[in-house]
Amino acid sequence: PVVVTRGDEVGAMLSNLEALRGKLRRELVTYQTALEHTRGADARKASFLNAVSHELRTPLNAVGGFAQLLLEGHDGQLSEPQVEDVELIRDGGRQLLELINDILDMSMIESGELRLSFASTDIAELVRGVVKIHQPLVDEKRVQLQAEIGPNLPPVVCDARRLRQILTNLVSNAIKFTADDGIVDIRVRNDDRLGAVITVGDTGIGIHKDDQELVFQRFYRTDTAQSMAIPGTGLGLSIVAGIVDAHGGTIAVDSTPGEGTTFTVSLPVVA
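Residues numbered from 1 in each chain as written. Predicted model: local features only at pLDDT ≥ 70, side-chain atom pairs only at ≥ 80, totals over all residues. Heavy atoms only, no water.

J.: Which parts of the structure should I look at to understand the overall build of the protein?
T.: Along the backbone of the protein there are 7 helices and 7 strands. Taking 271 residues into account, the globule formula puts the C-alpha radius of gyration at 18 Å, and the protein, at 26 Å, lies well above it. The principal-axis extent of the C-alpha atoms belonging to the protein is close to 95 × 50 × 40 Å. Residues counted as buried form 34% of the 271 residues belonging to the protein. Across the protein, every contact between residues at least 6 apart in sequence was considered, and the portion connecting residues at least 24 apart equals 67%. In the form shown here, the protein has an accessible surface area of approximately 16,500 Å², with 55% of it arising from carbon and sulfur atoms. Positive and negative side-chain charges in the protein, numbering 26 and 38 respectively, have mean positions lying 8 Å apart. (Helix = DSSP H or I, 4+ residues; strand = E, 2+ residues; numbered from the N terminus. Rg over C-alpha atoms; globule rule 2.2 N^0.38 Å. Buried < 20%, exposed > 50% of the residue type's maximum accessible area, 1.4 Å probe, protein only. Contact = heavy atoms within 4.5 Å. Areas by Shrake-Rupley, 256 points an atom, 1.4 Å probe, with all protein chains shown as cover. Lys, Arg positive; Asp, Glu negative; His and termini not counted. Charge placed at Lys NZ, Arg CZ, Asp CG, Glu CD.)

As structure tokens, then:
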């Protein structure tokens, strides 16, 4: 601390500066204390969510597994009403498991705990795998799922599991919001400026202009009658945006109500 011994204007100025320095010092201590408490709270929240998610995942996986065994007739054939009941149990368990995974991912993204394993990845092969997984779902809805992969795609430095999660989320959303006989289109190309560019488009219900600026916020859902009739938590696109950002990429949406929606993801490629 500065000890002021002068009684003139300079001394008064020094006194004011010393008072300001003392105030700033106290505010800094308060800020540092609050920051430590916040970090501690975030760490406890992350630990709690990890523990709870693990404890919930195990029985939910068991419920789903045993339900599937019953449906496959391992313990004898079920009657039609029993099949419907067990399918409800299985599907309800899947929805709960998806919700738990979404909440855990969102928590990791917000707390900076999301861990990525970067490696050179063949994005074309990854896209083909996502299409194959979703084919039974589009066949059930009579939705056409098509993929167009550009030539000479360079490898992408990414976490392959998380990139698959991005594509799965976008494709699943596109299928959900596209009526029977619609089209879901995946395209992959290389751009010298943007890197690897992936677009997932559909001919679904579309998103209003005002909502397009908000769809990447957590828990946000458009309030149209059509969209509210489709189940969802409003976390999926927020998680996608967080994972894309962690990769150093970008994501954008373009949509026309009643005509469809296109999401565009750009990711860096190997130099």
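J.: What's the story with the layout of surface pockets in this structure? I'm lost.
T.: Gaps left between atoms show up when a probe the size of a water molecule is rolled over them. Here the second largest pocket defines a volume of roughly 170 Å³. Along its surface, the second largest pocket is lined by Leu 60, Asn 61, Gly 64, Gln 68, Arg 90, Gly 93, Arg 94, Leu 97, Glu 98 and Asn 101. Those elements that provide at least two residues to the lining of the second largest pocket are helix 1 (9-71) and helix 2 (80-111). A breakdown of the residues in the lining of the second largest pocket according to their chemical character gives 2 nonpolar, 5 polar and 3 charged. (1 Å grid on protein atoms, 1.4 Å probe; cavity = no way out; pocket = protein on both sides within 12 Å on 5 of 7 lines; lining within 4 Å. Points joined across faces, edges and corners; volume = space filled by probe spheres on them. Nonpolar A, V, L, I, M, F, W, Y, C, P; charged D, E, K, R; others polar.)

J.: I keep staring at helix 4 (residues 160-176) and nothing clicks. Help me out?
T.: The periodicity of an α-helix, 3.6 residues per turn, causes residues three or four places apart in sequence to face the same way. With 17 residues, helix 4 ought to run about 24 Å at 1.5 Å a step, and its terminal C-alpha atoms sit 24 Å apart, in line with that. For helix 4, the complete set of buried residues consists of Arg 162, Leu 163, Ile 166, Leu 167, Asn 169, Leu 170, Val 171, Asn 173, Ala 174 and Ile 175. You can read the cap of helix 4 off the contacts: a side-chain oxygen lies 3.1 Å from the backbone nitrogen of Arg 161, and it is on Asp 159. (Expected span 1.5 Å × (residues − 1). Polar contact = N/O pair within 3.5 Å; in protein donor to acceptor, adjacent residues only side chain to side chain.)

J.: Explain the sheet that holds strand 5 (residues 195-202) here, please?
T.: Pairing between sheet strands relies on hydrogen bonds along the backbone, with the strands arranged either parallel or antiparallel. In space, the 5 strands of this open sheet follow the order 2-4-5-7-6, with mixed pairing throughout. Two strands close off the open sheet at either side, each with one partner strand: strand 2 (144-149) and strand 6 (250-256). Ignoring strand direction, the axes of neighbouring strands in this sheet form an average angle of 15°. One ladder, built from 7 bridges, connects strand 6 with strand 7 (residues 260-267); its direction is antiparallel. Residue Val 253 lies in a different strand from strand 7, and its bridge partner there is Phe 263. The strands that helix 3 (residues 123-141) touches are strand 2, strand 4 (183-191) and strand 5; relative to strand 2, the one it contacts most, it runs at about 175°. (Pairing = 2+ DSSP bridges. Axes fitted to C-alpha atoms, helices over the stretch in contact; angles between N-to-C directions.)

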